[in-house]
Amino acid sequence: MSTQELFPDTAPALPDPSRKAGLHRLKAFQPSMGRHYATKRNFDFGPDDRSNVSGLSPHVRHRLVTEQELVEAALTRHGLEAAEKFIQEACWRTYWKGWLEQRPTVWAEYQAGLRRDLEGLDKDAELRSRYEAAASGRTGIACFDVWTRELVEHGYLHNHARMWFASIWVYTLDLPWRLGADFFLRHLMDGDPASNTLGWRWVCGLQTVGKTYLARASNINKYTDGRFEMQGYDLAREAPPLDPDLVHPAPAPLAPGGRPDPDAPALVLVHDEDGLAEDWGLQGLDIRAVAGLHSLDARSPLEAGVRAKAFTRGALEDGLDRAGEAFGVARRLITAEDLAETARTAGAVQIITQRPHAGPLRDVIAAQASALETAGVRLVELRRDWDRAFHPHSDKGFFKVKKKIPAVLGELGLR
Ligand SMILES: Cc1cc2nc3c(=O)[nH]c(=O)nc-3n(C[C@H](O)[C@H](O)[C@H](O)COP(=O)(O)OP(=O)(O)OC[C@H]3O[C@@H](n4cnc5c(N)ncnc54)[C@H](O)[C@@H]3O)c2cc1C
């Protein structure tokens, strides 16, 4: 049984993948961003009650709503002290992005390792059968099987469930971590190369080297509010680090942001990492057209899940529509191979976009470098002030970023 077959006809409605709906949810959740979030956020009450978390990660992942907007909403309503926990969580996302951005080889190694792990399934029938049982929710571990179905049907899991799931995948089911990370990346509507890869690495001691996360029955029972009655013997009792001697690569320099030529005709490229082109400061430039590109097929050698595909496609259409309207030009969805030709047809000699972070989208766009050069089209990759301010502090552990939050928010004019 494949995971696509797990997807039922009765699946819940897709969250509206638009900026408007994201802002609506932001406003509705704003009163809860203070102490309520700090005390309740770790509870996973199940898919029918997500009142204690924002559920905004699919919108934030596609930058229909920005991290800055999350933090501004929390600050305005509660102030830095009361909203400290929510602001820190929003900054985890920025931190993971900045960390991977400075160590892009970690993403390349993940991809190469994943291909090896998938090939390994073809050579080992017993491993394949255990993998398939996990990926189709038939392990017999009650909570895990419920989360598998929830992930496939909803395209979302609570943060705590992601931690338990990853820990059980690696330490109880003894499955390769990258196959689990790939399962998440293909099915999550917020599937993100940095938060996901590094979140999985963190669970198995590859991120904070030597420190792992062990899912415990008592912790699951407490924080799922009595939905499960797990016993200690159901789960692994130890979580040894997968590579205690691992040394991280030295951080690579961060790219400076590109500058558009104000006199040259331009194509604006929105993509699945940033669907907010009307916010890029391009007003007044000679914009000829808007194109939209997603990297769903590059997330994995396997097919992305129904929810992840639907949300990303919807988010891109929403971004294209808003940008087309803001600049008063035609818009269209393209594939990466169309990039140079789309610019040429529009009469553009520069493509202006937000620089994709290390991950599948970067790979897809980078593969077009020589076609763009041959066509005489310059790629201008902007960087948001938010990333520029936080990423230099994201080269070590999260603690360094956490300490800097008040100062960086000040630099950005948010306090
Ligand atoms: C193994 C594992 C895999 C993960 N994979 C992803 C992923 O692919 N994409 C993804 O966006 N997040 C991922 N996360 C992080 C986190 O689980 C989700 O961001 C969070 O659950 C989203 O739900 P929310 O919007 O209701 O969060 P809230 O609790 O409402 O938090 C507000 C926002 O802060 C950010 N945030 C909160 N917690 C985290 C965190 N731990 N790491 C990074 N950002 C955070 C998100 O943008 C979120 O929308 C992963 C975590 C783990 C442990």
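Residues numbered from 1 in each chain as written. Predicted model: local features only at pLDDT ≥ 70, side-chain atom pairs only at ≥ 80, totals over all residues. Heavy atoms only, no water.

1. Some thoughts on the domain arrangement of the chain
Much of the literature gives interface size as the accessible area that the parts lose upon coming together.
Then, number 1: Each domain of the chain was delimited in the assignment, giving domain 1 (15-101 + 390-411), domain 2 (116-234) and domain 3 (266-383).
Then, number 2: In total, about 1,600 Å² of surface goes out of reach between domain 1 and domain 3, with carbon and sulfur atoms giving 56% of it.
Then, number 3: Taken together, domain 1 and domain 3 are joined by 3 salt bridges.
Then, number 4: Salt-bridge contacts for E101 lead to R355; the nearest nitrogen and oxygen are separated by 3.5 Å.
Then, number 5: Of all the secondary-structure elements, those providing two or more residues to the side of domain 1 that touches domain 3 are α4 (57-61) and α6 (84-101).
Then, number 6: Looking at the side of domain 1 that touches domain 3 residue by residue, the classes come out as 5 nonpolar, 5 polar and 7 charged. (Domains from an automatic or database assignment. Buried area = accessible area lost by both parts, 1.4 Å probe. Salt bridge = Lys/Arg side-chain N within 4 Å of Asp/Glu carboxyl O. Helix = DSSP H or I, 4+ residues; strand = E, 2+ residues; numbered from the N terminus. Nonpolar A, V, L, I, M, F, W, Y, C, P; charged D, E, K, R; others polar.)

2. Focus: the site of the ligand
Then, number 1: The ligand sits among 27 residues. The nearest are Y37, S54, G55, N159 and D190.
Then, number 2: Here a nitrogen atom of the ligand sits 3.4 Å away from a polar atom, N or O, in the main chain of R93.
Then, number 3: Between the ligand and N159 there is a distance of 2.7 Å, counted from an oxygen atom to a side-chain nitrogen or oxygen.
Then, number 4: Protein chains shield 95% of the accessible area of the ligand, which is 820 Å² for the free molecule.
Then, number 5: Elements supplying a minimum of two residues to the shell around the ligand: α4, α6, α10 (159-172) and α12 (193-203).
Then, number 6: Among the elements that line the shell around the ligand, the one with the most residues is α6, at 6 residues.
Then, number 7: For the shell around the ligand, a count of residues per class yields 14 nonpolar, 8 polar and 5 charged.
Then, number 8: Counting contributing residues per domain, the shell around the ligand is built from domain 1 (15-101 + 390-411) and domain 2 (116-234), each supplying no fewer than three. (Near = heavy atom within 4 Å. Polar contact = N/O pair within 3.5 Å; in protein donor to acceptor, adjacent residues only side chain to side chain. Areas by Shrake-Rupley, 256 points an atom, 1.4 Å probe, with all protein chains shown as cover.)

3. What to know about the pairing of strand β3 (residues 330-333)
Then, number 1: Note: strand β2 (residues 287-293) against β3, 4 bridges, orientation parallel. Each bridged residue has a counterpart across the sheet, and for G292 the counterpart in β3 is L333.
Then, number 2: Between β2 and its parallel partner β3, the chain crosses via helix α14 (residues 306-327), and the hand of that crossover is right-handed. (Pairing = 2+ DSSP bridges. Right-handed = clockwise from strand over helix to strand, strands pointing away.)

4. Observations concerning the sheet that holds strand β4 (residues 350-354)
Then, number 1: With respect to topology, 5 strands assemble into an open sheet ordered β3-β2-β1-β4-β5, the strand pairing being parallel. Here the strands that pair on one side only, and so sit at the sheet edges, are β3 and β5 (378-382). Averaged over all neighbouring strand pairs, the angle between strand axes comes to 25°, with direction disregarded.
Then, number 2: Contacting β1 (266-271), β2 and β3, α14 crosses the sheet at an angle of about 175° to β2. (Axes fitted to C-alpha atoms, helices over the stretch in contact; angles between N-to-C directions. Contact = heavy atoms within 4.5 Å.)

5. Regarding the pairing of β1
Then, number 1: The buried fraction of β1 is high, at 6 of 6 residues.
Then, number 2: Neither face of β1 is open: one carries A266, V268 and V270, the other L267, L269 and H271, and all of them are buried.
Then, number 3: Bridging between β1 and β2 involves 6 bridges; their strand directions are parallel. Paired with L269 across the strands is A291, a residue of β2.
Then, number 4: Bridging between β1 and β4 involves 4 bridges; their strand directions are parallel. Looking at β4, one finds that A266 is bridged to Q350. (Buried < 20%, exposed > 50% of the residue type's maximum accessible area, 1.4 Å probe, protein only.)

6. Comments concerning the packing of aromatic side chains
Then, number 1: Under the counting rule described, the total for this entry stands at 26 aromatic pairs.
Then, number 2: A ring pair is formed by W92 and F398, whose centres lie 4.1 Å apart and whose planes are at 15°; its orientation type is stacked. With W92 in helix α6 and F398 in helix α19 (residues 398-411), this residue pair connects regions lying 306 residues apart in the sequence.
Then, number 3: Taking relative accessible area as the criterion, W92 reaches 25% and is therefore assigned partly exposed.
Then, number 4: Note on F398: relative accessible area 9%, which makes it buried.
Then, number 5: Between W386 and F390 the ring centres are 4.7 Å apart and the planes differ by 50°, which places this aromatic pair in the tilted class. (Phe/Tyr/Trp six-rings, centres within 6.5 Å; stacked < 30°, edge-to-face > 60°.)

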